[in-house]
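Below, each chain spelled out in residue letters.
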Amino acid sequence: EDGAEGGCSSVSIGCSFEEHFQKAVAGTLARCGLDARGIGLRFKVSFRLLWVARPLCTRAYSVSEEMHTGMKAWRRLLDARGCICSASPRSHVLR
């Protein structure tokens with residue numbers, strides 16, 4: 001099973017993290033017959049760094065209205081973390 005409607009089975013196989021996340025959210029909502037706006041679905045991004053006591057964390061972004069803005073925040077946090085290569089799926093948390 002590919003985890004997302006018409007999507008990718010793995011972040012490392014042909015999809016960026018952003019594409020994988022967006023397709024997984026859309027596919028799951030479609031399979032469950034849910035609407036992101038109707039259920040108020042939001043996400044935030046959090047990175048835990050070894051040298052910082054508290055994780056770097058974004059505000060919550062609405063999936064239905066702010067997906068692009070939230071993904072932009074994810075990229076900025078990734079840059080702030082100092083990673084110039086693809087992050088492993090376990091290096092960040094979406095809540």
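Quick caveat: nothing in here was measured; it's all calculated off a predicted structure.

**Section: the nonpolar core**
Reasoning step 1: Among the nonpolar cores identified, the biggest contains 16 residues, and Phe 21, Phe 43 and Met 67 are the most heavily contacted of them.
Reasoning step 2: Elements supplying a minimum of two residues to this core: helix H1 (17-32), strand E2 (45-47) and helix H3 (63-81).
Reasoning step 3: Here this core takes seven residues from H3, the largest share from any one element.

**Focus on the packing of aromatic side chains**
Reasoning step 1: Considering all chains together, one arrives at four aromatic pairs under this definition.
Reasoning step 2: Measuring from centroid to centroid gives 6.1 Å for Phe 17 and Phe 21, while their planes differ by 15°, and the two rings are stacked. In this pair, Phe 17 and Phe 21 are both assigned in helix H1, four residues apart and thus about one turn of the helix distant. Both residues of the pair, Phe 17 and Phe 21, count as buried.
Reasoning step 3: Ring pairing ties together the aromatic residues Phe 17, Phe 21, Phe 43, Tyr 61 and Trp 74, which thus form one cluster.

**Here's the deal with H1**
Reasoning step 1: Helix length check: H1 (16 residues) gives 22 Å between terminal C-alpha atoms against 22 Å at 1.5 Å per residue, within 8%.
Reasoning step 2: When we look at burial in H1, the residues that qualify are Phe 17, Glu 18, His 20, Phe 21, Ala 24, Val 25, Gly 27 and Leu 29.
Reasoning step 3: One or two residues past the end of H1 sits Gly 33, with phi positive at roughly 65°.

**Re the confidence of the model for the chain**
Reasoning step 1: With 69% of its residues at a pLDDT of at least 70, the chain reaches an overall mean of 78.
Reasoning step 2: Across residues 1-6, confidence stays below pLDDT 50; counting only partners more than four residues off in sequence or on other chains, it has 13 contacts.

**Considering the pattern of salt bridges**
Reasoning step 1: Tallied over the full model, the rule gives three salt bridges.
Reasoning step 2: Two residues, Arg 75 and Glu 18, come together in a salt bridge whose shortest N-O distance is 2.5 Å. Of this pair, Arg 75 sits in helix H3 while Glu 18 is found in helix H1, placing the two residues 57 residues apart along the sequence.
Reasoning step 3: Put simply, Arg 59 and Glu 66 hold a salt bridge, and the shortest N to O gap is 2.8 Å.
Reasoning step 4: Accessibility expressed as a relative area gives 46% for Arg 59, which makes it partly exposed.

So, how was this worked out
- Counting starts from 1 at the beginning of each chain's written sequence and moves along it residue by residue.
- Predicted model: local features are reported for residues with pLDDT of at least 70 only, side-chain atom pairs are reported and counted for 80 or more only, and whole-chain, interface and lining totals are derived from all residues.
- The side-chain figures draw on all heavy atoms in the structure; neither hydrogens nor water molecules are used.
- Put simply, buried Ala, Val, Leu, Ile, Met, Phe, Trp, Tyr and Cys residues joined by side-chain atoms within 4.5 Å make one nonpolar core.
- Each residue's exposure class comes from its accessible area (1.4 Å probe, protein chains only) as a fraction of the maximum for that residue type: buried when under 20%, exposed when over 50%, partly exposed otherwise.
- Strands here are runs of E lasting at least two residues and helices are runs of H or I lasting at least four, both read from the DSSP assignment and numbered beginning at the N terminus.
- When two rings of Phe, Tyr or Trp (its six-membered ring) have centres within 6.5 Å they constitute a pair, described as stacked for plane angles under 30 degrees, edge-to-face for angles over 60, and tilted for the intermediate range.
- Here the expected span of a helix is defined as 1.5 Å times the quantity of residues minus one.
- On a scale of 0 to 100, pLDDT captures the predictor's confidence in every residue.
- In this description, contact between two residues means that some pair of their heavy atoms is separated by no more than 4.5 Å.
- A carboxyl oxygen of Asp or Glu within 4 Å of a side-chain nitrogen of Lys or Arg is what we treat as a salt bridge.

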